[in-house]
Amino acid sequence: MMKLVGTIIAAAGSASAFTSPLKTAGRSKHNTLHYSNSICTFDAEDFAGKTGDWPYTDADLNRLDNSVDTIFYDEPRFVTHIDDGAIAALTAFYEEEFTALNKDKLDVLDLCSSWISHLPKDISYGNVVGVGMNEKELKANEQLTNHFVQDLNINPDLSQFEDDSFDVICNVVSVDYLTKPLEIFQEMHRILRPGGVSLMTFSNRLFATKAVAMWLQADDIGRLTIVASYYNYSADWKSIEALDIKEKQPLPERPPTAEIMKNPSLGLAWMTAAGAIQKNNEGDPMFVVKGVK
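S.K.: Outline the nonpolar core, supporting the account with residue identities and numerical values.
M.R.: Residues Leu109, Leu111, Phe185, Met188 and Tyr231 are the most contacted members of the largest nonpolar core, which totals 41 residues. Residue contributions to this core peak at seven residues, all from helix H7 (residues 220-234). Those residues within four positions of Tyr231 in sequence are excluded, and the remaining contacts are Phe185, Met188, Ser198, Leu199, Met200, Trp237, Ile240, Val289, Lys290 and Gly291.

What follows is the structure, encoded as structure tokens:
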């Protein structure tokens, strides 16, 4: 697997960032989330450099459209950027992750936030803060208790937040647009409480002109490794794990032909159910790279 990742990253001029095979994460009592399948965990030896190093060049983080993002995001987009199946998987994943933290109230930071945060409703929250690009979108987000309009690619500093301020930091399908990931991941580590989690999620949809170059040249495994490397080089994270959170449902068994002939509605019901499940299984994938402080 790592050989493949190295080949992908080499195209972006960064093959030296990765050297060792990835380890498939075992299931333990701390890794039993129903809505997630662990792909692998990452340790320091999985990377050529140590925390504090930075292997990426300006070319790796270059974009087809380098104009300021305030122009691109000037008009609000009240749309979802992943399909309904992916949204459901993300919210279910959040619910189990948040519940596992066992807190009376959770303080959450939604980075690159917009008009919706996909947070589960059956959780007790304290502060839910959004940092995003469009004032109208952030104002429309009913889950936020506070928000800040901030272009993280110009100003990655999160000094408005004190150390150890949040239990969870979320970022949904936006990590591929960050041109200053080192500074942002350092800030994330600073403002997370000990034991807090950072959840960087992505799918296969993106604004290609705004994604960084090495992201466009990588496949899903390469992208998981890129995000994991951001954690590794930014700070001393307790653990880093890559997960696939899109639960694939098995297709229902087709009724015997004789039964369908006797009762055609059985065939129609089977085709309807199988079609819906197949559509969900073929929809947008959802991956997470989770860092624990």
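That was the structure; now back to the text.
S.K.: Pulling in residues and values, what's your account of helix H3 (residues 84-100)?
M.R.: Counted at 1.5 Å a residue, the expected span for H3 with its 17 residues is 24 Å, and the 24 Å between its end C-alpha atoms agrees. Within the span of H3, buried status applies to Ala86, Ile87, Ala89, Leu90, Ala92, Phe93, Tyr94, Glu97 and Phe98. Those residues of H3 that are buried lie in contact with strand E2 (106-113), strand E3 (125-132), strand E5 (166-172), strand E6 (192-202) and strand E8 (287-292). Just downstream of H3, Asn102 is the residue with a positive phi angle, here 55°.

S.K.: Before we move on, could you go through the pattern of salt bridges and cite the residues and values that matter?
M.R.: All told, the structure shown has 10 salt bridges when counted by the stated rule. In this structure, the salt-bridge partner of Asp167 is Lys103, at a minimum N-O distance of 3.2 Å. With a gap of 64 residues between them, Asp167 in strand E5 and Lys103 in the loop between H3 and E2 connect regions that are remote in the sequence. Classification of Asp167 by relative accessible area gives buried; the value is 2%. The partner of Arg190 in a salt bridge is Asp163, and the shortest N-O contact between them spans 2.7 Å. Of this pair, Arg190 sits in helix H5 (residues 181-191) while Asp163 sits in the loop between strand E4 (146-149) and E5, and the two are 27 residues apart along the sequence. Residue class for Arg190 comes out partly exposed when judged on its relative accessible area of 23%. By sharing partners, the salt bridges in this structure join Lys103, Asp107, Asp167 and Arg193 into a single network.

S.K.: Quick one: what's the story with the side chain of Asp46, residue by residue and with numbers?
M.R.: Within the element layout of this structure, Asp46 appears in the loop between strand E1 (37-42) and helix H2 (69-72). Taking the relative accessible area as the measure of exposure, Asp46 reaches 1% and is therefore buried.

S.K.: Give a description of a nonpolar patch on the surface that names residues and reports values.
M.R.: Among the surface-exposed residues, Val68, Ile71 and Ile154 lie close enough to one another that they form a single nonpolar patch of about 290 Å² accessible area. Relative to the helices and strands, Ile154 is located in the loop between E4 and E5.

S.K.: Which residues make up the packing of aromatic side chains, and what are the values?
M.R.: This structure, assessed with the given rule, holds 16 aromatic pairs. Between Phe148 and Phe161, the aromatic rings sit 5.5 Å apart at their centres with planes inclined by 90°, giving edge-to-face as the arrangement. Here the residue Phe148 occupies a position in strand E4, and Phe161 occupies one in the loop between E4 and E5, the gap between them amounting to 13 residues. Residue class for Phe148 comes out partly exposed when judged on its relative accessible area of 27%. Taken together, the aromatic side chains of Phe42, Phe47, Trp54, Tyr56, Phe185, Tyr230, Tyr231, Tyr233 and Trp237 make up a single cluster linked through ring pairs.

S.K.: Tell me what's going on with the sheet that holds E4, and back it up with residues and numbers.
M.R.: Spatial ordering of the open sheet is given by E1-E7-E8-E6-E5-E2-E3-E4, a layout of eight strands whose pairing is mixed. Unpaired on one side and paired on the other, E1 and E4 mark the two borders of the sheet. Between one strand and the next, the sheet's axes are offset by a mean angle of 20°, whatever the strand orientation. Here E2 pairs with E3 via six bridges, running parallel. In the sheet register, Leu106 faces E3, and the bridge partner there is Tyr125. Where H7 meets the sheet, it contacts E1, E6, strand E7 (239-244) and E8, and its direction lies at approximately 20° from that of E8.

Definitions and cut-offs
Residues numbered from 1 in each chain as written. Predicted model: local features only at pLDDT ≥ 70, side-chain atom pairs only at ≥ 80, totals over all residues. Heavy atoms only, no water. Core = buried A, V, L, I, M, F, W, Y, C linked by side-chain atoms within 4.5 Å. Buried < 20%, exposed > 50% of the residue type's maximum accessible area, 1.4 Å probe, protein only. Helix = DSSP H or I, 4+ residues; strand = E, 2+ residues; numbered from the N terminus. Contact = heavy atoms within 4.5 Å. Expected span 1.5 Å × (residues − 1). Salt bridge = Lys/Arg side-chain N within 4 Å of Asp/Glu carboxyl O. Patch = residues over 30% accessible without salt bridge, like charges linked within 9 Å, V, L, I, M, F, W, Y side chains within 5 Å. Areas by Shrake-Rupley, 256 points an atom, 1.4 Å probe, with all protein chains shown as cover. Phe/Tyr/Trp six-rings, centres within 6.5 Å; stacked < 30°, edge-to-face > 60°. Pairing = 2+ DSSP bridges. Axes fitted to C-alpha atoms, helices over the stretch in contact; angles between N-to-C directions.

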